[in-house]
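Coordinates in review
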Amino acid sequence: MAFIDYGSHGLPDRKETKETRHFSYPRTQALADGNIVPVEFHHLDSAGTYIDQNGMRCDYSTLKIEDQSCSRDALFTAVKEDYGRALLEKGCLHYLHMRQRELGYANSQLLIVAMNVQQARYMAKLAKEVTGMNCECVTSDTPDQDAVIQRFKENKTPILSSCQMAYEGLDAPAVSHV
């Protein structure tokens, strides 16, 4: 799939050549074979107020992109406020539920990706409060960054909160929740 050529019409070019062959591998079979993992997306909506770059007050009633021209700013504001806390709490509770009740999730991990160092620390503290589990935080000013990331990669730490340190290229196959 990574090498399928998409023509100008936006659809895959399915013509076979000497270099290409096409085959069918249904998602249900790939899941059964363990070659992909099931993905669920959870979303909370929010309303609120923020001050934009020009100092103007903006009110939003939803974070749905199609409904708001200023949704990016609204989302960043919401994540910093009660919405971010509620989203993390919901994610942590779902993570706990899956670890405790679902086959194959007993040793799963949670990776928290924060917008800045302050939020990464706050979310690590909150995740520990909600789950009762060990949670480490790694940021650009963490003295032993490599050791913290290595513990997470080796699944010695179930929850890691990070800001621009531990997501791109991180090889941690036990991560079930981001």
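Predicted model only: the values in this text are computed from it and were never measured.

Calculation notes
- Per chain, residues are indexed from 1 in the order of the written sequence.
- With pLDDT at 70 or above as the cut-off, local features in this predicted model cover only qualifying residues; side-chain atom pairs require 80 or more to be listed or tallied, and sums for whole chains, interfaces and linings still use all residues.
- Side-chain figures throughout are based on the complete set of non-hydrogen atoms in the structure, without hydrogens or water.
- The quantity known as pLDDT measures the predictor's confidence residue by residue, on a range of 0 to 100.
- Labels follow the DSSP assignment, with helices taken as runs of H or I lasting at least four residues and strands as runs of E lasting at least two, numbered in each case from the N terminus.
- Relative accessibility thresholds used throughout: buried, under 20% of the residue-type maximum; exposed, over 50%; partly exposed, between the two (1.4 Å probe, protein chains only).
- In this description, contact between two residues means that some pair of their heavy atoms is separated by no more than 4.5 Å.
- In this analysis an axis means a line fitted to C-alpha atoms, helices contributing only their contacting stretch, and an angle means the value between N-to-C directions, from 0 to 180 degrees.
- Any angle that falls under 35 degrees is termed roughly parallel, while one over 145 is termed roughly antiparallel, one within 65 to 115 roughly perpendicular, and all others oblique.
- Each crossing gets its handedness from the near helix: less than a right angle anticlockwise from the far helix is left-handed, clockwise is right-handed.
- Residues were grouped as follows: Ala, Val, Leu, Ile, Met, Phe, Trp, Tyr, Cys and Pro as nonpolar; Asp, Glu, Lys and Arg as charged; and all remaining residues, including Gly, as polar.

**Overview of the confidence of the model for the protein chain**
- Mean pLDDT over the protein chain stands at 78; residues scoring 70 or higher make up 66%.
- Per-element confidence in the protein chain ranges from a low mean pLDDT of 62 for helix α2 (residues 71–80) to a high of 95 for strand β4 (residues 135–138).

**Overview of the side chain of Ser161**
- Within the secondary structure layout, Ser161 lies in strand β5 (residues 159–162).
- For Ser161, a relative accessible area of 0% corresponds to the buried category.
- Discounting chain neighbours no more than four positions away, the residues touching Ser161 are Ile112, Ala120, Met123, Ala124, Cys135, Glu136, Cys137 and Val138.

**Overview of the environment of Leu170**
- Among the secondary structure elements, Leu170 is positioned in the loop between β5 and β6 (175–177).
- Taking the C-alpha atoms as reference, Leu170 lies 9.7 Å from Phe152; in sequence the two are 18 residues apart.
- Residues in contact with Leu170, not counting those within four places in the same chain, are Leu111, Ile149, Phe152 and Lys153.

**Overview of the side chain of Ser108**
- With respect to the helices and strands, Ser108 occurs in the loop between α3 (82–101) and β3 (109–113).
- What makes Ser108 buried here is its relative accessible area of 4%.
- Residues within four places of Ser108 in sequence aside, it is in contact with Tyr95, Arg99, Pro158, Ala174 and Ser176.

**Some points on the packing of α3 against helix α4 (residues 117–131)**
- As a packed pair, α3 and α4 sit with axes 10 Å apart at the nearest point and diverge in direction by 45°. By the criterion of interaxial angle, the relationship of α3 to α4 is oblique. Here the hand of the crossing between α3 and α4 comes out right-handed. On α4, the residues that touch Gly84, Arg85, Leu88, Glu89, Cys92, Leu93 and Leu96 of α3 are Tyr122, Met123, Leu126, Ala127, Val130 and Thr131.
- Looking at the contact of α3 with α4 residue by residue, the classes come out as nine nonpolar, two polar and two charged.

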